[in-house]
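The primary structure of each chain is shown beneath.
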Amino acid sequence: GPDHRWLTDLPDQPVWVRGDHARLHQLVSNLLTNARVHTPPGVTVTTKIAHSANADDAHAELTVTDDGPDIDPELVPHLFERFVRADEARSRQLGSTGLGLAIVLSIVEAHDGSVSVESDNGRTSFRVRIPTIHAATV
């Protein structure tokens, strides 16, 4: 996506989760591809990883946020369903199947996590939360 601006915000220390490396890679790839395909050139996409050390809810949090156009509010509740496409013409043109976010949801659920999306005021943010493990157990 050379027409986009790509930023990362990563912690200084590693964040450990127990999971399938290939599927977690696919999850991130799907979110970034979604940002590239469904936003116009010039949009900034920021990928951030953070973690919570709260003993009751220790989790890693991945956010992919863009400053492109908002997602239609009527579509937001359905984004993680299979075959849903925000922009039918553009999606077909770029080979989208409408499965990317459904796959993200499936991977997140397989890792005992959650995924959500917020889109308003020129900002769309996908938030993935997955339980962390202690580095000593790795």
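Scroll up a little and you will see the structure.
Being a predicted model, the structure only gives us computed values, none of them experimental. (Residues numbered from 1 in each chain as written. Predicted model: local features only at pLDDT ≥ 70, side-chain atom pairs only at ≥ 80, totals over all residues. Heavy atoms only, no water.)

Caption draft 1: Looking closely at the environment of Val-64. Inspection of the secondary structure puts Val-64 in strand 3 (residues 59-66). Among the residues examined, Val-64 registers a relative accessible area of 3% and is labelled buried. Each C-alpha atom, one on Val-64 and one on Ile-49, is 9.1 Å from the other, the two residues being 15 residues apart in sequence. (Helix = DSSP H or I, 4+ residues; strand = E, 2+ residues; numbered from the N terminus. Buried < 20%, exposed > 50% of the residue type's maximum accessible area, 1.4 Å probe, protein only.)

Caption draft 2: Molecular detail of the pattern of salt bridges. A full pass over the atoms with the stated rule returns two salt bridges. With a closest N to O distance of 2.9 Å, Arg-127 and Glu-61 form a salt bridge. Of this pair, Arg-127 sits in strand 5 (residues 123-131) while Glu-61 sits in strand 3, and the two are 66 residues apart along the sequence. Overall, Glu-61 belongs to the buried group, its relative accessible area being 18%. Of the charged contacts in the structure, one is a salt bridge between Arg-129 and Glu-61, with a shortest N-O distance of 3.7 Å. Note that Arg-129 is positioned in strand 5 and Glu-61 in strand 3, a separation of 68 residues in sequence. Three or more residues joined by partner-sharing salt bridges are found here, namely Glu-61, Arg-127 and Arg-129. (Salt bridge = Lys/Arg side-chain N within 4 Å of Asp/Glu carboxyl O.)

Caption draft 3: Focus on the packing of aromatic side chains. The final tally for this structure, using the stated rule, is one aromatic pair. Aromatic pair Phe-80 and Phe-126: ring centres 6.2 Å apart, planes at 85 degrees, arrangement edge-to-face. Remark: Phe-126 occurs in strand 5 and Phe-80 occurs in the loop between strand 3 and helix 2 (88-93); sequence separation between them is 46 residues. (Phe/Tyr/Trp six-rings, centres within 6.5 Å; stacked < 30°, edge-to-face > 60°.)

Caption draft 4: Examining unusual backbone geometry more closely. For Asp-112, which is not glycine, the phi torsion reads 55 degrees and is therefore positive. Following the sequence through the fold, Asp-112 ends up in the loop between helix 3 (100-110) and strand 4 (114-120). Overall, Asp-112 belongs to the exposed group, its relative accessible area being 65%. In this structure, Asn-121 is a non-glycine residue whose phi angle is positive, near 55 degrees. By the secondary structure assignment, Asn-121 is in the loop between strand 4 and strand 5.

Caption draft 5: Region of interest: the layout of surface pockets. Reported here for the second largest pocket is a volume of approximately 510 Å³. Forming the boundary of the second largest pocket are 21 residues, of which Val-15, Val-17, Leu-24, Val-28 and Ile-49 lie nearest the centre. Going through the elements one at a time, helix 1 (21-37), strand 2 (44-52), strand 3 and strand 5 are the ones with two or more residues in the lining of the second largest pocket. Counting residues per element, the lining of the second largest pocket draws most heavily on helix 1, at five residues. Tallied by class, residues from the lining of the second largest pocket come to 14 nonpolar, five polar and two charged. (1 Å grid on protein atoms, 1.4 Å probe; cavity = no way out; pocket = protein on both sides within 12 Å on 5 of 7 lines; lining within 4 Å. Points joined across faces, edges and corners; volume = space filled by probe spheres on them. Nonpolar A, V, L, I, M, F, W, Y, C, P; charged D, E, K, R; others polar.)

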